[in-house]
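Here are the chains, one letter per residue:
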Amino acid sequence: QVQVVESGGGLVQPGGSLRLSCVYSGTLSIINSMGWYRQAPGKQRELVARIRSGGNTNYADSVKGRFTISRDNSKRTLYLQMNSLKPEDTAVYYCNYANDVYGSLNYWGQGTQVTVSS
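Since this is a predicted model, take the numbers as computed values, not measurements.

Section: the packing of aromatic side chains
And then number 1: One pass over the structure, following the stated rule, counts 3 aromatic pairs.
And then number 2: Considering the side-chain rings of Y24 and Y107, the 6.1 Å spacing of their centres and the 45° angle between planes classify their relative orientation as tilted. One end of the pair, Y24, is in strand β3 (residues 18–24); the other, Y107, is in strand β10 (residues 106–108), and 83 residues separate them in sequence.
And then number 3: Aromatic ring contacts, followed pair by pair, group Y24, Y97 and Y107 into a single cluster.
And then number 4: A cation over an aromatic ring shows up here: R45 above the ring of Y94, its NZ or CZ 3.8 Å from the ring centre.
And then number 5: A cation over a ring is seen here: R45 above W108, with NZ or CZ 4.6 Å from the ring centre.

Concerning the nonpolar core
And then number 1: Grouped together as the largest cluster of nonpolar side chains are 26 residues, with contacts concentrated most on W36, L78, L80, M82, Y93 and Y97.
And then number 2: When contributions to this core are tallied by element, the ones reaching two or more residues are β3, β4 (33–39), β5 (46–52), β7 (67–72), β8 (77–82), β9 (91–98) and β11 (112–116).

What to know about the sheet that holds β8
And then number 1: Read from one edge to the other, the open sheet built from 4 strands follows the order β1-β3-β8-β7, with strand pairing classed as antiparallel. Edge positions in the open sheet fall to β1 (4–7) and β7, since each of these has one partner strand only. Strand-to-strand twist across the sheet, computed as the mean angle between neighbouring axes with direction ignored, equals 15°.
And then number 2: Pairing analysis gives 6 bridges linking β3 to β8, with the strands arranged antiparallel. Counterpart to C22 in the pairing with β8 is L78.

Notes on the side chain of N99
And then number 1: Here N99 is to be found in the loop between β9 and β10.
And then number 2: At a separation of 2.9 Å, a polar atom in the side chain of N99 contacts the main-chain amide nitrogen of V101.
And then number 3: A distance of 3.1 Å separates a polar atom in the side chain of N99 from the backbone nitrogen of Y102.
And then number 4: For N99, the residues in contact, after removing those within four places along its chain, are I30, N32 and L105.

Calculation notes
Residues numbered from 1 in each chain as written. Predicted model: local features only at pLDDT ≥ 70, side-chain atom pairs only at ≥ 80, totals over all residues. Heavy atoms only, no water. Phe/Tyr/Trp six-rings, centres within 6.5 Å; stacked < 30°, edge-to-face > 60°. Helix = DSSP H or I, 4+ residues; strand = E, 2+ residues; numbered from the N terminus. Lys NZ or Arg CZ within 6 Å of the ring centre and 35° of its normal. Core = buried A, V, L, I, M, F, W, Y, C linked by side-chain atoms within 4.5 Å. Buried < 20%, exposed > 50% of the residue type's maximum accessible area, 1.4 Å probe, protein only. Pairing = 2+ DSSP bridges. Axes fitted to C-alpha atoms, helices over the stretch in contact; angles between N-to-C directions. Polar contact = N/O pair within 3.5 Å; in protein donor to acceptor, adjacent residues only side chain to side chain. Contact = heavy atoms within 4.5 Å.

Rendered as structure tokens:
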């Protein structure tokens, strides 16, 4: 069974940084999209950043210039470097590995809490 496991969340002060990691246990060759999403209380889950198998990236406008998505395929690990954190970045962050052609290939982690507060 495929597992997706996030780590790296926590409590940080405004202006601080965190790096999230996500380890994927499945076959990478069938995946063409890897991304980070977040869900704040009372809000819908939203895309934060995504990287395609070819390397193209896209970011939510709210995090552009502050967050960076990257990957290490040799370690089957996806990263999200978050700098200049704001209280509005507080949410549960989820990792996703998917193939957007074959919808059945869509794997989610359990989420990791990020809280930005003084």
